Structure formats: structure tokens, C-alpha cells
Amino acid sequence: MTFSKIPVRKKIEELSPYVSGKPIEEVQRELGLETIVKLASNENPYGCSPLAKEAMISEMAQASFYPEGMAPSLAEKLARKLSIKQDQIILGNGSDEVIRLLTRTYIQQNDEAIMADVTFPRYETNVLIDGGTPVKIPLVNGVHDLQRMHEAITENTRMIFVCNPNNPTGTIVQKERLRAFIEKVPKHILLIVDEAYYEYVNDEDYLETLPLLHGHANLVILRTFSKIHGLAALRIGYGIMDATIIQELIKVKEPFNTNRLAQSAAFASLDDDDFVEQCARRNEEGRNYLENELTRMGLSFFPSHANFLMIKLNQPGKDVFEKLLASGVIIRPGHLLGYDDTIRVTIGTLHENEKFITSLQNAMNETASV
Ligand SMILES: Cc1ncc(COP(=O)(O)O)c(C=O)c1O
């Protein structure tokens, strides 16, 4: 009997697995270092709210019971907080899952999805998995080029992604430009605005998209508990959209996609506005510190409104990544994000930011003396 390879769907064969930020445990094992500073995945360096921790601990007693599939208590609380209806919210296993549900439901062979080049890579991957074609429009100075994105619409376009703030550049699109874009996009095309870093933005030129849901039944807003709420490990995010779209996504969703600990922690976290405000304030202080230090070092960066900075180097980001790693600092090398001569660093605590700057300085000095 001869063994031949089991045929894989062509689209899947062409894909590469997602490369995530290097986990702390992996670096500890590889380098034998005890203290690692991880600034690679835009996580919250201040952890999560104590209310969320308490809620998780108390929910553990229910671990033998399946969760409620639509997380109704959490959805209801979010709806009240955001002044929308409960049937306009779908909870996901991270907002990652909501992206997957959208492409799984709406993308088929020959369909096109417009997105920026570069942006959050899961848009492209999910479109490819579902047999569609990503249409990638280059950023201009790190910002979405909405005019070219609009010009790219064809009769095959099914969805458009706008990542605001954009990962990995941290930039936002101007308020009036985005508002005009939302008005202009034909109503049969899903317009997905990913606001994973919404709570960090403190700029008058940032568009509040929620009020536009009314009158734009094709508008989808994505948010998450992974970033400012500090619950990345629990995997819980959400999409806000017209109830008719949610009725379709539900058909595709796993029955118990968000777990009990995640639902209860997210529910409690919504009561701790002080925690969220403090994290946003400290993030801004950290960003100012890093921006000043980088400027002092003669380095430039994209103007970020999020909890990370993309720094331009005059050498491969991969080399600097390796040197930083050796000193126990994990960041994201730009080649994995579409810009070779850059690195992306998450804004950490003051101590972590100082450690990053010292290590970066050493790495740059080493290169200069070679
Ligand atoms: C822009 C953007 N959207 C979505 C996500 C996914 O977040 P979640 O943890 O909610 O799946 C991320 C995570 O880094 C992100 O940067």
C-alpha cells in the first residue's frame, strides 16, 4: 500500500501559519533568562481590573457547566453602556472570531475584500481561507488611503476593512474623511471598522462610529476586551452591527464560543471605568516618554494613537529584534508586519519602557561600532 498526502484545499496549502509575538515562557526557556519584558503583542502591562479577577475566581465554581451561547448578560450590559440594542451585539472568542465569522458568512470564491497594506493580518488570512481575494491598498504615511480604497470597489467587492487605529502603525483616519467614506460605500458592501484600540484614543479628530449605525445597516464595528481591559488570555471581543447581520453570523458561530470565565470577567470589567481611564492615562504618559526618547536618539515613528509605536530604523528590524531579545526584551520585528526596516513596540510600564530604551540604545550602538 502506498501512502500519499491527503489532499489539502489549495487555498490552505498556500497559507503560512500566523506568527504571534514570542511568548515569555519560550524566551525564558531558550535564553535561560529569568526576567523578560514582553512588548510584542499590544497587551495591557497593568493586567486587568481586580473586579474581573474576583469575577473569574467566583465563576470557577461553575466550570462544569457550559456557558450561555450568546452571553446575554454581558451583551445586555454592553448594549446599555453603548446605548444600542442587545440584538446589535455579538460576542466572539476574541474579535478575531468575529472577523472569521464575517468572512465565513459573506465571502466566497471570487469575492473581493478591500483592506490597507499594511494592516491587521487576520483580515487577509480569513478572506483567503474562505476563498476570496484580498485587495490591498498601500497606506500613505502609515494612514489608510480611503480615496484609493473607494476607487478599488468593483462589482465583486463584498467587504472593506478599516482598522482605526491601524495596527501596526497606530495611526487614525481623519474624522470627516471616514464619515464621508461611510456615506459613500454602497450599502450592499460590509464596511468593517476595527476599533480594537478605541479606548486608548484621545484625539478630537477620531470619529465616533456608533451613532452612524443608525442609517448604515452595512456598518460593522469591532471592539475587544483584550487590550485596555487586559483580558487577552480569556479571548473575548465583540462586534456591533445591524441585527440582521448578526442573525446570519449566529448560524456559523460555534454554540459555546465564549467561555464562562471570559463572560464573567468582561461583565465585571465594565464596572471599572477608573481602571480603564488609568490605563489610558498611563499609556499616554508612556507614549510621550518613548516618543521623547526616540526623538532624542534621532529615530522617527508613525504618530500612534494606540498602545504601541512603530519605529523606523535604518537597518533591518529583524537584527534589532534579535539584539533586544538577547537582552530579555521581546518586541515585534517589522518584517513580520510588512515593513522590513521597522520594529513595533507595545507601550509598557515606566520600568519596561526604560528597559526597552536602554536595550535599544545598546543595540543601536553595537550596530554603529560594527
Ligand atoms: C486591530 C486588531 N483587531 C483585532 C485584534 C484581535 O483581538 P482579539 O484579542 O480580540 O481577538 C487585534 C489583536 O491584536 C488587533 O490588533
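Residues numbered from 1 in each chain as written. Predicted model: local features only at pLDDT ≥ 70, side-chain atom pairs only at ≥ 80, totals over all residues. Heavy atoms only, no water.

Some remarks on the packing of aromatic side chains
Going through the model one piece at a time under the given rule, you end up with 7 aromatic pairs. Look at Y123 and F161: their rings are 4.3 Å apart centre to centre, the planes differ by 5°, and that puts the pair in the stacked class. Here Y123, found in helix α6 (residues 122-129), pairs with F161, found in strand β5 (residues 157-163); they are 38 residues apart in sequence, far enough to count as distant. Residue class for F161 comes out buried when judged on its relative accessible area of 1%. Between Y198 and Y206, the aromatic rings sit 6.0 Å apart at their centres with planes inclined by 50°, giving tilted as the arrangement. (Phe/Tyr/Trp six-rings, centres within 6.5 Å; stacked < 30°, edge-to-face > 60°. Helix = DSSP H or I, 4+ residues; strand = E, 2+ residues; numbered from the N terminus. Buried < 20%, exposed > 50% of the residue type's maximum accessible area, 1.4 Å probe, protein only.)

Details of the pattern of salt bridges
The tally for this structure, following the rule as stated, stands at 17 salt bridges. For R158, the salt bridge goes to D111, with nearest N and O atoms at 3.4 Å. On the criterion of sequence distance, the pair formed by R158 in strand β5 and D111 in the loop between α5 (95-106) and β3 (112-117) is long-range, its members being 47 residues apart. Owing to a relative accessible area of 27%, R158 belongs among the partly exposed residues under this scheme. (Salt bridge = Lys/Arg side-chain N within 4 Å of Asp/Glu carboxyl O.)

Thoughts on the side chain of D145
For D145, the position within the fold is in the loop between β4 (133-138) and α7 (146-151). With no salt bridge to any partner, buried D145 finds its closest opposite charge in R148, at an N-O distance of 4.9 Å. Other than its neighbours up to four places away in sequence, D145 contacts I137, P138 and V140. (Lys, Arg positive; Asp, Glu negative; His and termini not counted. Contact = heavy atoms within 4.5 Å.)

What to know about the domain arrangement of the protein chain
Per the domain assignment, the segments of the protein chain are domain 1 (19-47 + 274-369) and domain 2 (50-269). Of note, the centres of domain 1 and domain 2, computed from C-alpha atoms alone, are 26 Å apart. Facing the 23 residues of domain 1 at the interface are 23 residues of domain 2. A combined buried area of about 1,900 Å² lies between domain 1 and domain 2, and 61% of that area is made up of carbon and sulfur atoms. The largest contributions to the domain 1 side of the interface with domain 2 come from V276, H305 and F308, which together make up 29% of the buried area. The tally of links from domain 1 across to domain 2 stands at 0 salt bridges. For the side of domain 1 that touches domain 2, the secondary structure elements donating two or more residues are α11 (273-296) and β10 (308-312). With 6 residues, α11 is the largest single contributor of residues to the side of domain 1 that touches domain 2. In terms of residue class, the side of domain 1 that touches domain 2 is built from 11 nonpolar, 9 polar and 3 charged. (Domains from an automatic or database assignment. Buried area = accessible area lost by both parts, 1.4 Å probe. Nonpolar A, V, L, I, M, F, W, Y, C, P; charged D, E, K, R; others polar.)

Digging into the site of the ligand
Around the ligand there are 13 residues in total, and S95, D194, Y197, T224 and S226 lie nearest to it. Between the ligand and D96, the relevant distance is 3.0 Å, taken from an oxygen atom to a main-chain nitrogen or oxygen of the residue. Residue composition of the shell around the ligand, grouped by class: 4 nonpolar, 5 polar and 4 charged. (Near = heavy atom within 4 Å. Polar contact = N/O pair within 3.5 Å; in protein donor to acceptor, adjacent residues only side chain to side chain.)

Description of helix α4 (residues 72-82)
All buried positions along α4 are accounted for by L74, A75, K77, L78, A79 and L82. The inward-facing, buried residues of α4 contact β2 (89-92), β7 (219-224), β8 (237-240) and α10 (260-269). Immediately beyond the C-terminal end of α4, within one or two residues, lies S83, with a positive phi of roughly 55°.

Some points on the sheet that holds β4
Within the open sheet, the 7 strands sit side by side as β2-β8-β7-β6-β5-β3-β4. Their pairing is mixed. Edge positions in the open sheet fall to β2 and β4, since each of these has one partner strand only. Direction aside, the axes of adjacent strands within the sheet are offset by 25° on average. Relative to β5, β3 is paired through 3 bridges, and the arrangement is parallel. In the sheet register, E112 faces β5, and the bridge partner there is T157. On top of the sheet, α6 reaches β3, β4, β5 and β6 (190-194); it is set at about 155° to β4, its chief contact. Where helix α8 (residues 175-184) meets the sheet, its contacts fall on β5, β6 and β7, and the angle it forms with β5 comes to roughly 165°. (Pairing = 2+ DSSP bridges. Axes fitted to C-alpha atoms, helices over the stretch in contact; angles between N-to-C directions.)

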